[in-house]
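# Inside the fold
Listed below, chain by chain, are the residues.
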Amino acid sequence: MRTSRAVLASVRTIRSLVESPRLGEDATVNGWVRSVRRMKKVAFADIGDGTSADTLAVVLTPEQSKQLSTGACVQLSGKLSESPGNQKFELQVAEPVPGKPDPVKVLGPADQSYPLQKKFHTAEYLRTIPSFRWKTLGNSSVLRYRSYAQSRIARYFESAGFTQVSSPIITSSDCEGAGEVFTINSGEPDKNQKQPYFFGDKPAYLSVSSQLHLEVYAAALSRVWNMAPAFRAEKSDTNRHLSEFWMVEAELAFTESLKDVMTVAEQMIRAAVPDSAMAIDIIQSNKQSSSTKQETLKQRWQMLSQPKPWARVTYTEAVELLRKEFPSLKWGDSLSSEQEKHLAAHIIQGPVFVTDYPMHQKPFYMKKNAVSDETKATVACFDLLVPEMGELIGGSLREDDHQTLLSAMNDNNMNPDDLEWYLDLRKYGSFPHGGYGMGFERLVCFVCGVENIREAIGFPRWAGSCVC
Ligand SMILES: NC(=O)C[C@H](N)C(=O)O
């Protein structure tokens, strides 16, 4: 018993070594070999365990190094010492002593065919080796940031009095009404039983957004949020779209002001700005994987954390502002991604909430603004745009009047019977409310300088690709 305790106590992650190296002490480290360099009298290896963007420099004898190969999983024991090289410290692997455990233990060997050799690999190549792509320094930092941002966001919502809820993945409604749903139940039995009919005679889909269910929760708990996967069967082959992505969504009861909703969105993002340790991790990893400059990253973080409220312009003002650069743009047109980016990067030069879009561009559930000219009807909604990325968040006040919502559904050729449960919220105890949804991977791209959203999620899915 004594021995195993002692061994456990000295097992260190690379992150713990970086945080407090405790030079001169004995340590055991588990990890994967990133590279090995053999000289005549001494050998060096570089070990990573994914707990940090740092790797551990290891010094051992050429004889000991024979056991190590790139990709192998090892356990190494020795003394932590100051390093004469670039590293802050190194592990001097102990000499083997007969009768004692070997200081070099290969837990899982890897041979020459290991697909991640010590050279630059393109993101496209890495996507073809999903089992290993997260072992690269640049990529692993993205996963650490995802974890960081999730916990900071959860902490923010808790402090702001929101209850975290869980929404279904399988649903009978198409929240956005854009027809981009993945159908998992056709609702129509067929003779050959080839069509799924598991859920009976109503169609069922993978959820495109948790919003409608969050509204139900908000009607019971007032302030709610969740983070859940969303699925969109859109064939956009861009660096900003995924067929499966994660959305952070919030719904607030008792608000008649879009400003309240925007303020929550703003505070939530601020909470997810990297602290100094996370910032170092991202910068260190970014050098390896992305051409986004350190300065750009720092500017982005500064931009997000500035204490004064972010710019807010109406859609009508945005069209006016954009017309100089895009003269053919007219009121009523959808803003293209290029126009969104231009507005944030060059005109506003920072994050900007664009509010009150034309009603015909937006889904049925958004609350209509009072307007004198019906041809210019708008809804109380916003898109949060950020430079180089465009839309990060979409939100709105929700229509809470039963009759108005019914007629909006009619205008959108929707069958009210399909959403009776949703309409019921307006029939009994209707309440003013609003909310938003943020594409989590877009935040990851913006904060970490990831150029293609396919590198911001563990296992990306897009039209034509679902590797594993
Ligand atoms: N919860 C939200 O407001 C998000 C919105 N339903 C969307 O998918 O964009």
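What you are looking at is a predicted structure, and each value in this text was computed from that prediction instead of being measured. (Residues numbered from 1 in each chain as written. Predicted model: local features only at pLDDT ≥ 70, side-chain atom pairs only at ≥ 80, totals over all residues. Heavy atoms only, no water.)

## Quick notes on the pairing of strand 18 (residues 433–439)
Along strand 18, seven of the seven residues are buried, which leaves the element largely enclosed by surrounding structure. Burial along strand 18 is two-sided: H433, G435, G437 and G439 facing one way and G434, Y436 and M438 facing the other are all buried. Note that strand 17 (residues 390–397) and strand 18 share five bridges and pair antiparallel. Residue pairing across strands places I393 opposite M438, the latter belonging to strand 18. (Buried < 20%, exposed > 50% of the residue type's maximum accessible area, 1.4 Å probe, protein only. Helix = DSSP H or I, 4+ residues; strand = E, 2+ residues; numbered from the N terminus. Pairing = 2+ DSSP bridges.)

## Examining the domain arrangement of the protein
On domain assignment, one finds that the protein holds domain 1 (4–116) and domain 2 (133–455). Using C-alpha coordinates to define each centre, domain 1 is positioned 44 Å away from domain 2. Counting residues at the interface gives 10 residues for domain 1 and seven residues for domain 2. The largest share of the area that domain 1 buries against domain 2 comes from R34, A53 and L116, three residues that together contribute 59% of it. Here domain 1 is connected to domain 2 by zero salt bridges. Counting across the domain 1 and domain 2 interface gives three residue pairs in polar contact (both at pLDDT 80 or more). Of the residues contributing to the side of domain 1 that touches domain 2, the split by class is four nonpolar, four polar and two charged. (Domains from an automatic or database assignment. Contact = heavy atoms within 4.5 Å. Buried area = accessible area lost by both parts, 1.4 Å probe. Salt bridge = Lys/Arg side-chain N within 4 Å of Asp/Glu carboxyl O. Polar contact = N/O pair within 3.5 Å; in protein donor to acceptor, adjacent residues only side chain to side chain. Nonpolar A, V, L, I, M, F, W, Y, C, P; charged D, E, K, R; others polar.)

## Describing the site of the ligand
Neighbouring the ligand are the residues C175, E176, S209, Q211, R232, M247, E249, Y365, G394, R398, Y436 and G437. Between the ligand and Y365, the relevant distance is 3.3 Å, taken from a nitrogen atom to a side-chain nitrogen or oxygen of the residue. R398 has a polar side-chain atom sitting 2.9 Å from an oxygen atom of the ligand. A total of 270 Å² of accessible area belongs to the ligand in isolation, and the protein chains cover 91% of it. Those elements that place two or more of their residues in the shell around the ligand are strand 13 (244–253) and strand 18. Here the residues of the shell around the ligand are counted per class, giving four nonpolar, four polar and four charged. (Near = heavy atom within 4 Å. Areas by Shrake-Rupley, 256 points an atom, 1.4 Å probe, with all protein chains shown as cover.)

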